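# Results of the structural survey
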Amino acid sequence: MSRLGCLVTLTCLWQMLLMTLALEMGLYDVERGRNAKCELIQIPMCQGIGYNMTRMPNYVGHESQAEAAVKLQEFAPLVEYGCHVHLRFFLCSLYAPMCTEQVSTSIPACKPMCESARLKCVPIMEQFRFGWPDSLDCDRLPSKNDPNALCMEAPENATNGDPVTNGHGMLPVAPRPPRPSGGEISIPG
């Protein structure tokens, strides 16, 4: 066998080994030392947002989708009000984070999306004497999507400097819901 043939064979074997390790790692929650398989998203608010698999526990500590759905419902009036175009997507990225079997951890939204949502929604929340929850601390999220810290970006939060056209290369997000008539919202305690 020629050197080139050996090199091609070794490269192929190395790639197969890496793919096998990545698949096996995706089935194990490294941080918690237990199996953690991806599961279909069951939370109604988080269905149809551009990905359909999640892994529990989530970024806010819920052990099940049922528990996450109850807490996420507290944000429904704010999402319906539409204070930020990507609020629903952002919240779902923490309460039902994206999961793929090729990666060992769940994938949340990037920090800029969090900061943008906080900037737009806090004034609305403060009108009703609510603050931005500690559980949604933007500083816990990766600043940008890179191989060492995966996160999801909204089209206007792209960090690679390239113009984004029609969201190409980004996960699709739901269109902004219409604001309710009368401009009043009620946010449960």
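Residues numbered from 1 in each chain as written. Predicted model: local features only at pLDDT ≥ 70, side-chain atom pairs only at ≥ 80, totals over all residues. Heavy atoms only, no water.

## Brief notes about the state of the cysteines
Under the definition given, this model contains 5 disulfides. The partner cysteine of Cys-46 in its disulfide is Cys-92, sulfur to sulfur 2.1 Å. Note on the Cys-46 and Cys-92 pair: the S-S dihedral is about -90°, so by sign convention the disulfide is left-handed. Of the two residues, Cys-46 sits in the loop between β3 (39-40) and β4 (53-54) while Cys-92 sits in helix α4 (residues 87-95), which places them 46 residues apart along the sequence. By relative accessible area, which is 0% here, Cys-46 ends up buried. Judged by its relative accessible area of 0%, Cys-92 is buried. With its disulfide-bonded cysteines labelled consecutively along the sequence, the protein chain is connected as 1-5, 2-4, 3-8, 6-10, 7-9. (Disulfide = S-S within 2.5 Å. Helix = DSSP H or I, 4+ residues; strand = E, 2+ residues; numbered from the N terminus. Buried < 20%, exposed > 50% of the residue type's maximum accessible area, 1.4 Å probe, protein only.)

## Quick notes on the pattern of salt bridges
Evaluated as defined, the whole model comprises 3 salt bridges. Ionic pairing is found between Lys-111 and Glu-115, a salt bridge with its closest N-O pair at 3.9 Å. With Lys-111 and Glu-115 both in helix α5 (residues 111-127), this residue pair falls 4 residues apart, about one helical turn. For Lys-111, a relative accessible area of 18% corresponds to the buried category. (Salt bridge = Lys/Arg side-chain N within 4 Å of Asp/Glu carboxyl O.)

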